[in-house]
Amino acid sequence: MYEHPDDLHRARSVGRAAPAEFAAWLAFQEAVDRQDGAVPRRYRELISVAVALVTQCSYCLDVHTAAARRHGVSSEELAETAFVTAAVRAGGTLAHALLADRLYEQHGGHGHADAPAHG
């Protein structure tokens, strides 16, 4: 496996190579991680887990699952979040299929409609 939990410690060395960008990212991260926002931290962590599932970032999944647990998220909430995420992602696939269908029709006027069907 290419990803390894110990690699998270490399963030600072990568940041030293791009200090301005890393500082801006850290400031953004600190703002998002604040305790006094309208969205409670437990929900912020569930959102973060959902995004990590969609982006398939195992580092984010590790960090935010641990934080979710620290902020009182139950295993049932985590499991439901995973299924909500999967359903919404599937909906995104359908939404893009609608776009593909419209684009397919639009391309039909350019001589592509006569292409042989595969399958």
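Note that this is a predicted model, so its numbers are computed, not measured.

S.K.: Describe the pattern of salt bridges, listing the residues and the values that go with them.
M.R.: Under the criterion given, the structure shown has four salt bridges. Ionic pairing is found between Arg10 and Asp7, a salt bridge with its closest N-O pair at 3.2 Å. Take Arg10: its relative accessible area is 54%, and that puts it in the exposed class. You can call Asp7 partly exposed: its relative accessible area is 25%. Notably, a salt bridge pairs Asp36 with Arg34, separated by 3.3 Å at the nearest N-O pair. By relative accessible area, Arg34 is classed as partly exposed at 39%.

S.K.: Please provide a residue-by-residue account of the side chain of Ser48, values included.
M.R.: Within the fold, Ser48 resides in helix α3 (residues 41–55). A polar contact is formed between the side chain of Ser48 and the backbone oxygen of Arg44, at a distance of 2.9 Å.

S.K.: Give me the side chain of Arg44: which residues, what numbers.
M.R.: For Arg44, the location among the structural elements is in helix α3. Although Arg44 lies buried, it forms no salt bridge, and the closest oppositely charged side chain, Asp36, sits 6.4 Å away as judged by the N-O distance. For Arg44, the side chain forms a polar contact with the main-chain oxygen of Val39, separated by 2.8 Å.

Conventions we followed
- Counting restarts for each chain: residues are numbered from 1 in the order of the written sequence.
- Given that the model is predicted, a residue must reach a pLDDT of at least 70 before its local features are reported, and side-chain atom pairs must reach 80 or more before they are shown or counted; all residues, however, enter totals for whole chains, interfaces and linings.
- As a rule here, side-chain values come from all non-hydrogen atoms in the structure, and water together with hydrogens is ignored.
- We define a salt bridge as a contact between a side-chain nitrogen of Lys or Arg and a carboxyl oxygen of Asp or Glu at a distance within 4 Å.
- Buried, partly exposed and exposed residues are distinguished by accessible area as a fraction of the type maximum, computed with a 1.4 Å probe on protein chains only: under 20%, between the cut-offs, and over 50%, respectively.
- Only DSSP runs of H or I with at least four residues qualify as helices, and only runs of E with at least two residues qualify as strands; both kinds are numbered from the N terminus onward.
- Polar contacts, as counted here, are pairs of nitrogen or oxygen atoms within 3.5 Å of one another; within protein the pair requires one atom able to donate a hydrogen and one able to accept it, and residues that are adjacent in sequence qualify only if both atoms are side-chain atoms.
- Asp and Glu count as negative and Lys and Arg as positive, but His and the ends of the chain are not part of the count.

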